[in-house]
There are 2 protein chains.
Amino acid sequence: MTSELDLYPADTSAEATLRFIKTARPVDLASWLSRLSVDAAAEHLVEIGPKRRAQAFARLPSDHQASLGAMLPDHVLARIVADMNADDRVDFFNQLTPGAQERLSRHLRPEVRAAIHRLSSYPEECAGAIMTSDYAVLSAGMTAAEAIAALRAQAPGAETIYRSYIVDADHRLTGSVRLHALILAADDTPVEDLVEAAPVSVTPETDQEDVGKMIARYDLLAIPVVGTDGRLMGIVTHDDAVDVMQAEATEDFQKMSHVLPFKQTMRDAGIGILYSKRILWLTLLVFGNLFSGAGIAYFEDVILAYVSLVFFLPLLIDSSGNAGSQSATLMVRALATGDVELKDWSHMILRELAVAAALGATMALVVFPLGAWRGGADVALTIGLTMFVVVLIGSLVGMSLPFLLSCLRLDPATASGPLVTTISDATGVLIYFSIATAVLSL
Amino acid sequence: MTSELDLYPADTSAEATLRFIKTARPVDLASWLSRLSVDAAAEHLVEIGPKRRAQAFARLPSDHQASLGAMLPDHVLARIVADMNADDRVDFFNQLTPGAQERLSRHLRPEVRAAIHRLSSYPEECAGAIMTSDYAVLSAGMTAAEAIAALRAQAPGAETIYRSYIVDADHRLTGSVRLHALILAADDTPVEDLVEAAPVSVTPETDQEDVGKMIARYDLLAIPVVGTDGRLMGIVTHDDAVDVMQAEATEDFQKMSHVLPFKQTMRDAGIGILYSKRILWLTLLVFGNLFSGAGIAYFEDVILAYVSLVFFLPLLIDSSGNAGSQSATLMVRALATGDVELKDWSHMILRELAVAAALGATMALVVFPLGAWRGGADVALTIGLTMFVVVLIGSLVGMSLPFLLSCLRLDPATASGPLVTTISDATGVLIYFSIATAVLSL
């Protein structure tokens, strides 16, 4: 897929390495550096030009940034940090120890220090933490030609000049103008005439997932971040939004499969991280299983009378769990992408009832002959009936829980995966043996 | 999150509706129209200005497009279609019946027809199907001022002028230039001096998921699509990439939870769609369960001798499945995002061995007292040992299958979910009762 790109140096010769360092894109430089030893990475990092070096450094996994940062002389690190985009810079700065922050700060210009201070005051995972202060501003009183001249002056520092923001004397956001529009307009057109009113904006506290959704929904290049007083505080750019949406989807994948979220990539995560993020839910599910175990113990006599019932236990419990996880996953994802909103609840549940009944009936027909073959007509009736009921209940629980958790302002992804499993297991056992007791007249 | 936006008309009065129609963004217009009856939607659609109307129509779910398209007079529909972006237009055109395509074509200008024909020849879900032919081109011989003048002429039709492509006389792509650079340069700077060499590009056959990954990896606004002869054929823009990555993540969620992928949103999917996409794997998993059922039948004597073993059956099978689905999900997602590549396989498996052993040992310690309480020391030893082995095997299977399927060029997401469940169930039963037979000397 990347025929024109050098993802890594062609070979290990000094010449190939140098050519790669001179031509590769920052993200590819970062991939390459992250696979080298810290010593080698530090050595090669200083050979890269200042702008690309800072961009490559910004794209390193955070643990690599930390170890590499500790290796570099303070003034070299300070130069790299000063060249980074404002948002990447804060991410790096925030993970340093107070001592290292102090040492680094001494080598930074006051305005860089101030920018770090301003951005680092916001909690993680919200707009304030991912916004950048490197945006272009214009005032409505300019002409198109003056605006373009002003952009020329701001362009080297701004992350994007394709959309500029119009602020009043108090730095309150009043509109925005596209470079597109400035270019198309005659030189003396007032910027005022080109301004688009009421731009979509977020506050510094807006959850980053919502920021990403808005950028995607409105196909934006950037979204302004505005304080409660209406003042423009920063912008979040489209590339950050893509990263956020990818990260949020990964987090939901982890939560749905009973893994606590973690920030490292799978390649970089250590044994300790993976163990600690996986063991909690595995252990909690053991205790959830005590319910189904207790259910089975309660029906010990039934089992001894009809041992063939045990053959179908994994099948029935799995089917209920599978149907439940289908519903839960579909609903968690639909809520995450905004395809479904809370107010769609009644329509969704009614439709799920119909779908689940159809699924349960089909599954009952499938297992009926299996039951007849292993245990006769009574057993067939028992497992057919049970299958219908457990698929129905599993699906309804799987569909309802994400809604319920959303209403309670809990994350639907975290809790629905494990909860659906535990609930469908325990109810499955009870339903199975209750139906067995009734049908087999035990 | 959207205080400045009107997502829907403020109320149902004609006045509020009109204000909404005049001011709302296309995507919000589309949400609103999709909740109206077809008659009402058709009536309001014609009240929207041409450009926003076309954009709103493009964002309607495809079944709404079809029913609304059928309601509109041919010449009105043709006008909307002509105003749409080239890529959206083809998506709509391709889902019409041949008869409707024929009727619509008669009302389209020849160049629009030609653009549709050119783009519609590519298979779905590849770069050719999502690219647009509305891009800006420049030639290297221009000056910066001439280039800006040329862009002014092209801007109304181009989807983005923020990056223009440099082509030679044969329309072969030789480089690209950012509007940023043109604006910063002196008027008489040759474009040649501003061109960035070797742009990242894809072919029309590149999978759309890879296109999205490249746009995200390199933080691009657009990526050029180039034929085997080096000719520029179109571009894919960043907003399409976000949509693609969202859709691909949703597809992976569906596949991992045993649902066949479907294109409709959860809100719009009908009962028939949901049933048909869910029943296949549910039924197949029943047959997968025959293996575990057969295993249980084989060990009937063991069960009758130690009925307390049955209490722990759901627990052990679930734990194995849970550990396996943790590993499989983490690996499927890491492969999908590109965090892990096939060559990382040996490192991953070794680490998984260590993680799984630690998880298995912890889980064994947790269930040991449960076993002792229910069935004494022998049963405790049996279920502790079994837990260790099934968690280890479940994890290794869960981690290996996505790699193996990727190597075989199959989609890791589709098959690993259900396969991991079936394999861990069947092996779990066999391991459990084999260990029981050995430990309990049956």
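Residues numbered from 1 in each chain as written. Chains lettered and ligands numbered in written order. Predicted model: local features only at pLDDT ≥ 70, side-chain atom pairs only at ≥ 80, totals over all residues. Heavy atoms only, no water.

Caption draft 1: Focus on helix α8 (residues 98-106) of chain A. Residues and elements named next belong to chain A. Inspection of α8 places A100, L104 and S105 among the buried residues, and these make up the whole buried set. Buried residues in α8, looked at end-on, bunch into an arc of 135°, giving them a common side. Exposed residues lying more than 90 degrees from the buried face of α8 are P98 and R106. Where α8 is buried, its residues touch α6 (74-83), α7 (86-94) and α9 (110-119). (Buried < 20%, exposed > 50% of the residue type's maximum accessible area, 1.4 Å probe, protein only. Helix = DSSP H or I, 4+ residues; strand = E, 2+ residues; numbered from the N terminus. Arc of directions from axis to C-beta. Contact = heavy atoms within 4.5 Å.)

Caption draft 2: Looking closely at a nonpolar patch on the surface. A surface patch of nonpolar side chains, about 250 Å² in accessible area, is lined by F368(A), L381(A) and L385(A). Looking at the element boundaries, L381(A) is found in helix α19 (residues 345-407). (Patch = residues over 30% accessible without salt bridge, like charges linked within 9 Å, V, L, I, M, F, W, Y side chains within 5 Å. Areas by Shrake-Rupley, 256 points an atom, 1.4 Å probe, with all protein chains shown as cover. Salt bridge = Lys/Arg side-chain N within 4 Å of Asp/Glu carboxyl O.)

Caption draft 3: Quick peek at the side chain of R278(A). Structurally, R278(A) can be placed in helix α15 (residues 271-298). At a separation of 3.0 Å, a polar atom in the side chain of R278(A) contacts the side chain of S327(B). (Polar contact = N/O pair within 3.5 Å; in protein donor to acceptor, adjacent residues only side chain to side chain.)

Caption draft 4: Here's a closer look at the relation of the copies chain A and chain B. You can overlay chain A on chain B at an RMSD of 0.1 Å; the transform is a turn of 180° with a shift of 0.0 Å along its axis. Taken together, the turn and the small shift mark the pair as related by a two-fold rotation axis. Both copies present the same face, since 100% of the interface residues in chain A are matched by interface residues at the equivalent positions in chain B. (Least-squares fit on C-alpha atoms with pLDDT ≥ 70 in both.)

Caption draft 5: Representation of the packing of α15(A) against helix α18 (residues 313-337) of chain B. Contact geometry for α15(A) and α18(B): axes closest at 9 Å, N-to-C directions at 155°. Between α15(A) and α18(B), the angle is such that the two are roughly antiparallel. Remark: the crossing between α15(A) and α18(B) carries right-handed chirality. Along the contact surface, α15(A) presents L274(A), R278(A), L282(A), L285(A), V286(A), N289(A), S292(A) and I296(A), while α18(B) presents P314(B), L315(B), D318(B), S319(B), N322(B), A323(B), Q326(B), S327(B) and L330(B). Of the residues assigned to the contact of α15(A) with α18(B), the class counts are 9 nonpolar, 6 polar and 2 charged. (Axes fitted to C-alpha atoms, helices over the stretch in contact; angles between N-to-C directions. Parallel < 35°, antiparallel > 145°, perpendicular 65-115°, else oblique. Left-handed = near helix turned anticlockwise from the far one by under 90°. Nonpolar A, V, L, I, M, F, W, Y, C, P; charged D, E, K, R; others polar.)

Caption draft 6: Highlighting the sheet that holds strand β3 (residues 173-178) of chain A. Residue and element names in this part refer to chain A. As summarised here, the arrangement of the 3 strands in space is β1-β2-β3, forming an open sheet in which the pairing is mixed. Strands with a single pairing partner mark the edges of an open sheet, and in this sheet they are β1 (135-138) and β3. With strand direction ignored, the average angle separating the axes of adjacent strands in the sheet is 35°. As paired strands, β1 and strand β2 (residues 160-167) are joined by 3 bridges and run parallel to one another. (Pairing = 2+ DSSP bridges.)

Caption draft 7: Broad picture of the interface of chain A and chain B. At the junction of the two partners, chain A supplies 121 residues and chain B supplies 122 residues. Interface area for chain A against chain B, summed over the two sides, is near 11100 Å², with a carbon-plus-sulfur share of 65%. For the interface between chain A and chain B, the tally reads 12 salt bridges. A salt bridge links R152(A) to D187(B), with the nearest nitrogen and oxygen atoms 3.9 Å apart. At the junction of chain A with chain B, the criterion picks out 36 residue pairs in polar contact (both at pLDDT 80 or more). In the side of chain A that touches chain B, the residues fall into 69 nonpolar, 26 polar and 26 charged. (Buried area = accessible area lost by both parts, 1.4 Å probe.)

Caption draft 8: Expanded view of helix α5 (residues 62-71) of chain B. Residues and elements named next belong to chain B. Of all the residues in α5, the buried ones are H64, Q65, L68 and G69. For α5, the angular spread of buried residues about the axis comes to 130°, placing them on one side. In the core, the buried residues of α5 are packed alongside α2 (26-34), α3 (38-45), α4 (50-58), α6 (74-83) and α7 (86-94).

Caption draft 9: Region of the structure containing the sheet that holds strand β3 (residues 173-178) of chain B. All names here are of chain B. The 3 strands lie next to each other as β1-β2-β3, forming an open sheet whose pairing is mixed. Each edge of the sheet is formed by a strand with only one pairing partner; in this case those strands are β1 (135-138) and β3. When the angles between neighbouring strand axes are averaged without regard to direction, this sheet yields 35°. Most of the contacts of helix α11 (residues 144-154) go to β1, to which it runs at about 150°, and overall it touches β1 and β2 (160-167).

Caption draft 10: Expanded view of the pairing of strand β4 (residues 222-226) of chain B. Residue and element names in this part refer to chain B. Summarising burial for β4: 5 of the 5 residues are buried, a large majority. In the sheet, β4 pairs with strand β5 (residues 232-237) via 5 bridges, with the strands oriented antiparallel. Bridging across to β5, V225 finds its partner in G234. In textbook terms, the turn of a hairpin is the stretch between consecutive antiparallel strands, and for β4 and β5 this stretch comprises 5 residues, one of which, G230, has a positive phi near 85°.

Caption draft 11: Spotlight on empty space enclosed by the protein. One pass over the full model with this rule turns up 8 cavities of 30 Å³ or more. By volume, the largest cavity amounts to about 610 Å³. If you go around the largest cavity, you meet 32 residues; those closest to its centre are N322(A), S325(A), H258(B), N322(B) and S325(B). Residue assignment for the lining of the largest cavity shows that the elements contributing at least two residues are α14 (238-256), α18 (313-337) and α20 (412-439) of chain A together with α14 (238-256), α18 and α20 (412-439) of chain B. For the lining of the largest cavity, the residue count by class is 10 nonpolar, 18 polar and 4 charged. In this structure, the second largest cavity spans a volume of roughly 100 Å³. N289(A), L290(A), S292(A), G293(A), A294(A), F311(B), F312(B), P314(B), L315(B), L370(B), W373(B) and R374(B) are the residues that line the second largest cavity. The element that contributes the greatest number of residues to the lining of the second largest cavity is α15(A), accounting for 5 residues. Broken down by class, the residue content of the lining of the second largest cavity amounts to 8 nonpolar, 3 polar and 1 charged. (1 Å grid on protein atoms, 1.4 Å probe; cavity = no way out; pocket = protein on both sides within 12 Å on 5 of 7 lines; lining within 4 Å. Points joined across faces, edges and corners; volume = space filled by probe spheres on them.)

Caption draft 12: Layout of the pattern of salt bridges. Counting across every chain of the model gives 35 salt bridges over all chains. The partner of R231(A) in a salt bridge is D229(A), and the shortest N-O contact between them spans 3.8 Å. On the basis of relative accessible area, D229(A) is assigned to the partly exposed category, the value being 43%. In the salt-bridge network here, residues are joined through shared partners; they are R35(A), E341(B), K343(B) and D344(B).

Caption draft 13: Quick peek at the nonpolar core. Counting residues in each nonpolar core, the largest one holds 94 residues, and the members touching the most others are M266(A), F312(A), F433(A), M266(B), F312(B) and F433(B). In this view, F312(B) contacts L370(B), G371(B), R374(B), V379(B), I383(B) and Y432(B); residues no more than four positions away in its chain are not counted. In this structure, L138(A), L179(A), A136(B) and A181(B) belong to the second largest nonpolar core, which totals 43 residues. (Core = buried A, V, L, I, M, F, W, Y, C linked by side-chain atoms within 4.5 Å.)

Caption draft 14: Spotlight on the environment of L72(B). All names here are of chain B. Summarising the element assignment, L72 is placed in the loop between α5 and α6. Considered as a pair, L72 and D240 are 168 residues apart in the sequence and their alpha carbons are 27 Å apart. Filtering out sequence-adjacent residues up to four positions away, L72 remains in contact with A42, L45, L77 and I80.

Caption draft 15: Quick peek at the pairing of β2(A). All names here are of chain A. The buried count for β2 comes to 8 of 8 residues, which makes it a mostly enclosed element. Handedness of the crossover is the feature at issue here: the chain leaves β1, passes through helix α11 (residues 144-154), returns alongside β2, and the resulting connection is right-handed. From the end of β2 to the start of β3, which pair antiparallel, there are 5 residues, and H171 there has a positive phi angle of about 65°. (Right-handed = clockwise from strand over helix to strand, strands pointing away.)

Caption draft 16: Region of interest: the side chain of S34(A). Residue and element names in this part refer to chain A. In this fold, S34 is placed in helix α2 (residues 26-34). Using a relative accessible area of 8% as the deciding quantity, one classes S34 as buried. Sequence-distant contacts of S34, that is, excluding residues within four places in its chain, are made with L60, P61, H64 and R267.

Caption draft 17: Structural view of unusual backbone geometry. Look at H171(A): it is not a glycine, yet its phi comes out positive at around 65°. Examined against the element boundaries, H171(A) turns out to sit in the loop between β2 and β3. Although it is not a glycine, R409(B) adopts a positive phi angle of roughly 60°. Among the secondary structure elements, R409(B) is positioned in the loop between α19 (345-407) and α20. We classify R409(B) as exposed; its relative accessible area is 78%.

Caption draft 18: Broad picture of the packing of α14(A) against α18(A). All names here are of chain A. Contact geometry of α14 with α18 gives a least axis separation of 12 Å together with a crossing angle of 155°. When the axes of α14 and α18 are compared, the pair comes out roughly antiparallel. With respect to the hand of their crossing, α14 and α18 are arranged in right-handed fashion. Residues A249, D252 and M256 of α14 form the contact with α18, whose participating residues are A328, T329, V332, R333 and A336. Each residue belonging to the contact of α14 with α18 can be placed in one class, and the counts come to 5 nonpolar, 1 polar and 2 charged.

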